[in-house]
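# Understanding the architecture of this molecule
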Amino acid sequence: MNQDVLKWKLEGNYFNYNKNNIFYLQKGDGLNLLILHGYPFNSFEWKEAITELSISYKVTVFDFLGMGFSDKPKNHKYSFEEYCEIVNALLKELKIYETHILSHDLGVSIAQELIAREDENKNTFKIQSSAFVNGSLFIDAYKPRFIQKILSNSPTIIGKTISKLLTKKMVNNSVKSVFGPFTKPSEDFLELQWEIINYNDGKEITYRIGRLVFEKYKFLNRWVKSMQETSIPMCYICGPFDPNSGEHMVKRYDELIPKPKIYIQNRFIGHWPHIEDVKSFLDSFYNFQSNYVNHLKK
């Protein structure tokens, strides 16, 4: 195992949720900040940003069940509901009763469901703010990649077969296609992520988690309603070059969310702002947080 990846793994811990081990890691001190990562990667993709964020925040990040260094049960029904229950269980275990949330990609949808649950008093903690980063906030405006459609919107046997046949080149090409033209990930970064995806045979279940993309349709009205009615401060930080959740998602956010706070990155930044231009990304996040803190003081 790569030394950087191994160091990350050894710095973390595990907690048990329904007989499955969930990997988590904490860094820093200060206000609580929970990071929810995206698909198909894991918490390690946030390493550089967390190094900076942990100066001002007590950062908690974990790998979703089926991803990263968490357990990857093969015959499991992955769901947004369960992911939210895992978040609640983890924060209860860590005695975190209020936190800001920073979410990306798949994590955005989990943050949306957590916001809906907060309004129903179903969380064990209070959400202090929510910053969304390049995610399918509104699935009817989302533009999935071809490989997503094949993996996730086909009969189970086909998705299962394709997952087994996936090669590093196929995954890397798909990932690079949603990065900006001048900020492509390094081969070293892709190599590390491929190693983690394959940890505990994770590649074989990528189609199971990928299917959650199309599960979002049944949550669309619920999530939009909760975002429109919540008092939780929210913002959308967007890499506009992203073909999945870029400028078109910004437009929909602006149309549907009252008094929207939007931070658009450089026009050539794609789906991973926190990797492609970490400084600009963090400037946007800090700007949002600063305005939020000032709002609280008034």
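Read on for a plain summary of the structure. Keep in mind the model is a prediction, meaning the values are calculated, not measured.

A word on the side chain of serine 226. Note that serine 226 resides in helix α11 (residues 220-229). Of the polar contacts made by the side chain of serine 226, one reaches the backbone oxygen of tryptophan 223; its length is 2.9 Å.

For the rest of this paragraph, the subject is the packing of aromatic side chains. Overall, the coordinates contain 20 aromatic pairs when judged by the stated rule. Centroid distance tyrosine 57 to phenylalanine 285: 5.9 Å. Interplanar angle 55°. Geometry classified as tilted. Here the residue tyrosine 57 occupies a position in strand β4 (residues 57-62), and phenylalanine 285 occupies one in helix α14 (residues 278-297), the gap between them amounting to 228 residues. Three or more aromatic residues joined by ring pairs form one cluster here, namely Tyr14, Phe23, Phe69 and Tyr199. Here lysine 9 stacks its cationic end above the ring of phenylalanine 69, 5.9 Å away from the centre of that ring.

With that out of the way, let us pick up the side chain of glutamate 82. With respect to the helices and strands, the residue glutamate 82 is situated in helix α3 (residues 80-93). In this structure glutamate 82 is buried but unpaired, with lysine 77 as the nearest side chain of opposite charge at 9.9 Å. Not counting residues up to four positions away in its chain, the partners in contact with glutamate 82 are Tyr17, Leu65, His76 and Lys77.

All right, on to the sheet that holds strand β2 (residues 20-27) then. Ordered in space as β1-β2-β4-β3-β5-β6-β7-β8, the eight strands form an open sheet in which the pairing is mixed. What marks the edges here is a single partner per strand, and that holds for β1 (13-17) and β8 (262-264). Here the average twist between neighbouring strands, direction ignored, is 25°. Summarising the sheet, β1 and β2 pair through five bridges and their orientation is antiparallel. Directly across from tyrosine 14, in β2, lies its bridge partner phenylalanine 23. Together, β3 (31-36), β5 (98-104), β6 (126-133) and β7 (234-238) form the strand contacts of helix α4 (residues 106-119), whose direction differs from that of β6 by roughly 150°.

Across all of its chains, the model carries 15 salt bridges by this definition. Among the salt bridges present, the one from glutamate 11 reaches lysine 7, with a minimum N-O distance of 2.6 Å. In this pair, glutamate 11 and lysine 7 are both assigned in helix α1 (residues 3-11), four residues apart and thus about one turn of the helix distant. Residues glutamate 187 and lysine 176 are paired through a salt bridge, measuring 3.7 Å at the closest nitrogen-oxygen approach. Residue glutamate 187 is located in helix α8 (residues 187-197), and its partner lysine 176 is located in helix α7 (residues 168-176); the two are separated by eleven residues in the primary sequence. By relative accessible area, which is 22% here, lysine 176 ends up partly exposed. Through salt bridges with shared partners, a single network forms among Glu85, Glu113, Arg117, Glu120, Lys122 and Arg222.

About the thresholds
Residues numbered from 1 in each chain as written. Predicted model: local features only at pLDDT ≥ 70, side-chain atom pairs only at ≥ 80, totals over all residues. Heavy atoms only, no water. Helix = DSSP H or I, 4+ residues; strand = E, 2+ residues; numbered from the N terminus. Polar contact = N/O pair within 3.5 Å; in protein donor to acceptor, adjacent residues only side chain to side chain. Phe/Tyr/Trp six-rings, centres within 6.5 Å; stacked < 30°, edge-to-face > 60°. Lys NZ or Arg CZ within 6 Å of the ring centre and 35° of its normal. Buried < 20%, exposed > 50% of the residue type's maximum accessible area, 1.4 Å probe, protein only. Lys, Arg positive; Asp, Glu negative; His and termini not counted. Salt bridge = Lys/Arg side-chain N within 4 Å of Asp/Glu carboxyl O. Contact = heavy atoms within 4.5 Å. Pairing = 2+ DSSP bridges. Axes fitted to C-alpha atoms, helices over the stretch in contact; angles between N-to-C directions.

These results come straight from atomic positions and should not be treated as a statement about function.
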